[in-house]
Amino acid sequence: MSLENEINQSKFRNEFHKSVINLIYTCNWVMESNKRYFEKVGITHQQFNILRILKGAGKPLSTLQIRQRMLDRMSDTSRIVDRLIKKELVQKVPCKSDRRLVDITITETGLALLDEMDKYSDQMDGLLSNITTEEAEDLNRILDKIRNVQTEPVEA
């Protein structure tokens, strides 16, 4: 279905404005579509993101390092980590280079949860089943290009 029909809006300032609205709408649609998979294992998309980061890093990371790698950098990383600790999916360990600091590591339970999430990966990838691999490559190239724009400061 077209964006115009989805949001019941037929006029946009221009194609760039429509594209921004379409990106926001599609991002929200993807997040909402994936939400059901996260709910099946009792986590949020931000918690999944942190678990994915820790697994991929293969080593302990500070909350700052985690925040720098997160998809949603506005998240309260410390609060999310605390919730993951309560669920025993991650743990805090003393930093080897500076004992005053702590690092975060994924637990065996956290790794098992990610393994459980793997059974949903085909359905999650299936959200893009209407496009070809070539179109997905084009989309990735275009999205990367969009983020490379130099923005000017907002004037008061």
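Rules used in this analysis
Residues numbered from 1 in each chain as written. Predicted model: local features only at pLDDT ≥ 70, side-chain atom pairs only at ≥ 80, totals over all residues. Heavy atoms only, no water. Phe/Tyr/Trp six-rings, centres within 6.5 Å; stacked < 30°, edge-to-face > 60°. Helix = DSSP H or I, 4+ residues; strand = E, 2+ residues; numbered from the N terminus. Buried < 20%, exposed > 50% of the residue type's maximum accessible area, 1.4 Å probe, protein only. Axes fitted to C-alpha atoms, helices over the stretch in contact; angles between N-to-C directions. Parallel < 35°, antiparallel > 145°, perpendicular 65-115°, else oblique. Contact = heavy atoms within 4.5 Å. Nonpolar A, V, L, I, M, F, W, Y, C, P; charged D, E, K, R; others polar.

**Description of the packing of aromatic side chains**
Counting across every chain of the model gives two aromatic pairs. Plain terms: the ring middles of Tyr37 and Tyr120 are 5.4 Å apart, the flat faces sit at 35 degrees to each other, and that makes the pair tilted. Taken as a pair, Tyr37 in helix 2 (residues 15-40) and Tyr120 in the loop between helix 6 (108-118) and helix 7 (121-125) lie far apart in primary sequence, 83 residues in all. Tyr120 carries the same exposure label as Tyr37, and that label is buried. Their ring planes at 40 degrees and their centres at 5.0 Å tell us that Phe38 and Phe48 sit as a pair that is tilted. Placement of the pair is Phe38 in helix 2 and Phe48 in helix 3 (residues 45-57), with a sequence separation of 10 residues. Overall, Phe38 belongs to the buried group, its relative accessible area being 6%.

**Regarding the packing of helix 3 against helix 5 (residues 77-86)**
Between two packed helices, both the angle of their axes relative to each other and the distance between the axes serve to describe the pair. Relative to each other, helix 3 and helix 5 sit at 85 degrees, their axes nearing to 10 Å. The angle between the axes of helix 3 and helix 5 places the two elements in the roughly perpendicular class. Residue-level inspection shows Gln46, Gln47, Ile50 and Leu51 of helix 3 in contact with helix 5, the latter providing Thr77, Ile80, Val81, Arg83 and Leu84. When its residues are assigned to classes, the contact of helix 3 with helix 5 shows five nonpolar, three polar and one charged.

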